[in-house]
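Notes for the structure review
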Amino acid sequence: MTPDEILQGLYDQTLVGNAPAVLDLTHTGLDLGMEPQSLLFDALIPSLEEVGARFERGDFFVPEMLIAGRAMAGAMEVLRPLLAETGVQTIGTFVMGTVKGDVHDIGKNLVNIMLEGAGFNVIDLGVQVAPEKFIEAINEHQPDIVGFSAFLTTTMPMFKANINALQKAGLRDSVIVMVGGAPVTQEYADAVGADGYASDASACVKRAKDLLTKRRSLVSA
Ligand code: B12
């Protein structure tokens, strides 16, 4: 198989939720020397975007979204250690979770992988994380940054609820708040009072590092 055939196959098989084929193609691509990033950004993610577009048009329903998501998640398990491969020292601690009421975790998991690859110690609280659970984790792990992920317009208001909970617990000034997820925008992040937003995993890493550097230079000044 050629690299182009692998990418096309990954795209097509993710679209129809054929998890075993996606896994096979992932392994074949890697055996051929293809970059894990290419498998992810040139095939798997575009395919899930198409799944979302079809769902929106009414051509796909929840079961199709679910099996496509599962097929992608299987490939991610193989790609995870390769994407996160790093020799760098820990540069900070990042507590991450998908907000209460929301079960989407593929985007969050991808962000986690990239953060780990960049040297962050990531504590993943999973999905449907209630404000109290974020507070508990912040008290326990004293992270530099907390990240809230939301993929539904109906769960995005949990950002504000989480930030209010941080304020109430007296923790708002001790942790940088980042938000993200498919429907989130910079304007929305600003409106809820988050410190940072990023539209994708690599932008998140860059923004996280910038925010951390800024915070540390303020503290030491
Ligand atoms: C797969 C999927 C599912 C799967 C989730 C599986 C899983 N384990 O995650 C299942 C089937 C469970 C599901 C369920 C539902 N879904 Co859904 N789902 C999707 C789909 C197709 C893909 C999402 C995805 O994983 N994308 C891939 C990743 C890589 O996306 P990404 O946005 O590029 O991620 C990047 C950024 O968001 C960012 N990021 C993410 N998190 C964070 C956090 C921080 C801090 C930062 C800085 C950045 C950041 O970095 C990521 C990596 O680069 C989307 C369509 C879409 N295009 O998004 C719909 C979509 C999100 N779902 C949608 C809907 C409506 C639902 C349901 C309500 C359907 C229903 N009627 O039941 C339920 C809700 C369940 C719930 N309570 O959460 C809608 C949301 C519409 C809206 N605006 O609210 C979408 C947009 C589909 C659509 N076009 O209508 N879904």
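Residue positions are given per chain, counted from 1 along the sequence in the order it is written. Reporting in this predicted model follows two pLDDT cut-offs: at least 70 for local features of residues, and 80 or more for side-chain atom pairs to be given and counted; totals over whole chains, interfaces and linings ignore these cut-offs and use all residues. Note: side-chain values were computed over all heavy atoms of the structure, leaving out hydrogens and water.

This next bit is on the site of the ligand. When at least one non-hydrogen atom of a residue lies within 4 Å of a molecule or strand, that residue is treated as near it. Near the ligand there are 34 residues, and of these E56, V103, H104, D105 and S149 occur at the shortest range. Here a polar contact means two N or O atoms within 3.5 Å. Within protein one must be a hydrogen donor candidate and the other an acceptor candidate, and residues neighboring in sequence count only if both atoms are side-chain atoms. At 3.0 Å, a backbone N or O of G101 approaches a nitrogen atom of the ligand. Within the backbone of T153, an N or O atom sits 2.8 Å from an oxygen atom of the ligand. The helix count covers DSSP runs of H or I at least four residues long, the strand count covers runs of E at least two residues long, and both are numbered beginning at the N terminus. Residue assignment for the shell around the ligand shows that the elements contributing at least two residues are α3 (36-57), α4 (62-83), α5 (106-117), β3 (145-149), β4 (176-180) and α9 (201-220). A per-element tally of the shell around the ligand places α3 first, with 5 residues. Taken domain by domain, the shell around the ligand gets at least three of its residues from each of domain 1 (3-83) and domain 2 (92-220). Segmentation into domains, and thus their bounds, comes from an automatic or database assignment.

Moving on: the domain arrangement of the protein. Domain annotation of the protein identifies domain 1 (3-83) and domain 2 (92-220). Residue contacts follow a heavy-atom distance rule, with two residues in contact if any of their heavy atoms lie within 4.5 Å. At the interface, 9 residues of domain 1 touch 7 residues of domain 2. Looking only at domain 1, the three residues that lose the most surface to domain 2 are M76, R80 and L83, adding up to 59% of its buried area. By salt bridge we mean one thing: a side-chain nitrogen of Lys or Arg within 4 Å of a carboxyl oxygen of Asp or Glu. Where domain 1 packs against domain 2, one counts 1 salt bridge. The interface formed by domain 1 and domain 2 includes 0 residue pairs in polar contact (both at pLDDT 80 or more). Of all the secondary structure elements, the ones that give two or more residues to the side of domain 1 that touches domain 2 are α3 and α4. Among the elements that line the side of domain 1 that touches domain 2, the one with the most residues is α4, at 5 residues. Looking at the side of domain 1 that touches domain 2 residue by residue, the class counts come to 7 nonpolar, 1 polar and 1 charged. Reported buried area values correspond to the accessible surface (1.4 Å probe) lost by two parts on association, with both partners' losses combined. The residue classification treats Ala, Val, Leu, Ile, Met, Phe, Trp, Tyr, Cys and Pro as nonpolar and Asp, Glu, Lys and Arg as charged. All others, Gly included, are polar.

Attention now moves to the packing of helix α6 (residues 131-141) against helix α7 (residues 158-168). Note on geometry: axes are C-alpha line fits, over the in-contact stretch for helices, and angles between N-to-C directions span 0 to 180 degrees. Two elements in contact, α6 and α7, have axes separated by 9 Å at closest approach and are oriented at 45°. By the angle class used here, α6 and α7 are oblique. In this structure, α6 crosses over α7, and the sense of that crossing is right-handed. Residues P131, F134, I135 and I138 of α6 form the contact with α7, whose own contacting residues are M158, N162, A165 and L166. Residue composition of the contact of α6 with α7, by class: 7 nonpolar, 1 polar and no charged. An angle below 35 degrees is read as roughly parallel, one above 145 as roughly antiparallel, one from 65 to 115 as roughly perpendicular, and any other as oblique. The sense of a crossing depends on the near helix, which, turned anticlockwise from the far helix by less than a right angle, makes the crossing left-handed and, turned clockwise, makes it right-handed.

For the rest of this paragraph, the subject is the sheet that holds strand β1 (residues 92-98). Ordered in space as β2-β1-β3-β4-β5, the 5 strands form an open sheet in which the pairing is parallel. The sheet is open, and its two borders are formed by β2 (120-124) and β5 (196-197), each paired with just one other strand. Packing of α6 onto the sheet brings it into contact with β1, β2 and β3, and relative to β1 it is tilted by some 165°. Against the sheet, α9 contacts β1, β2, β3, β4 and β5, and its axis sits at roughly 165° relative to β4. At least two bridges found by DSSP between two strands is the condition for calling them paired.

The span you would expect from a helix comes to 1.5 Å times its residue count less one. For α3, which comprises 22 residues, the first-to-last C-alpha distance of 31 Å matches the rise-based estimate of 32 Å (1.5 Å per residue) to within 8%. The sharpest bend along α3 reaches about 30° and sits at L44, with the proline P46 one to four residues further on. Throughout this description, buried means an accessible area under 20% of the type-specific maximum (1.4 Å probe, protein chains only), exposed means over 50%, and partly exposed covers the range between. Buried within α3 we find P36, S38, L39, L40, A43, L44, S47, E50 and V51. Contact partners of the buried residues in α3: α1 (3-15), α2 (19-31), α4 and α5. Positive backbone phi, at 85°, marks G58, one or two positions downstream of α3. In this analysis the local bend is the angle between axes fitted, respectively, to the seven residues ending at and the seven residues starting at the residue.

Let us look at the pattern of salt bridges. Throughout the structure, instances matching the rule amount to 8 salt bridges. Here E50 makes a salt bridge to R57, at a shortest N to O gap of 3.6 Å. The partner of D210 in a salt bridge is K206, and the shortest N-O contact between them spans 3.5 Å. Within this pair, D210 and its partner K206 are both found in helix α9, separated by 4 residues, close to a single helical turn. A relative accessible area of 39% means that D210 is categorised as partly exposed. Within the structure, one salt-bridge network assembled from shared partners comprises E50, R54, R57 and D59.

To continue, consider the environment of F151. If you trace the backbone, F151 turns up in the loop between β3 and α7. In sequence terms F151 and T93 are 58 residues apart; their C-alpha atoms lie 23 Å from each other. Non-local contacts of F151, meaning those with residues more than four positions away in its chain, are made with D102, H104, G107, G181, A182 and P183.

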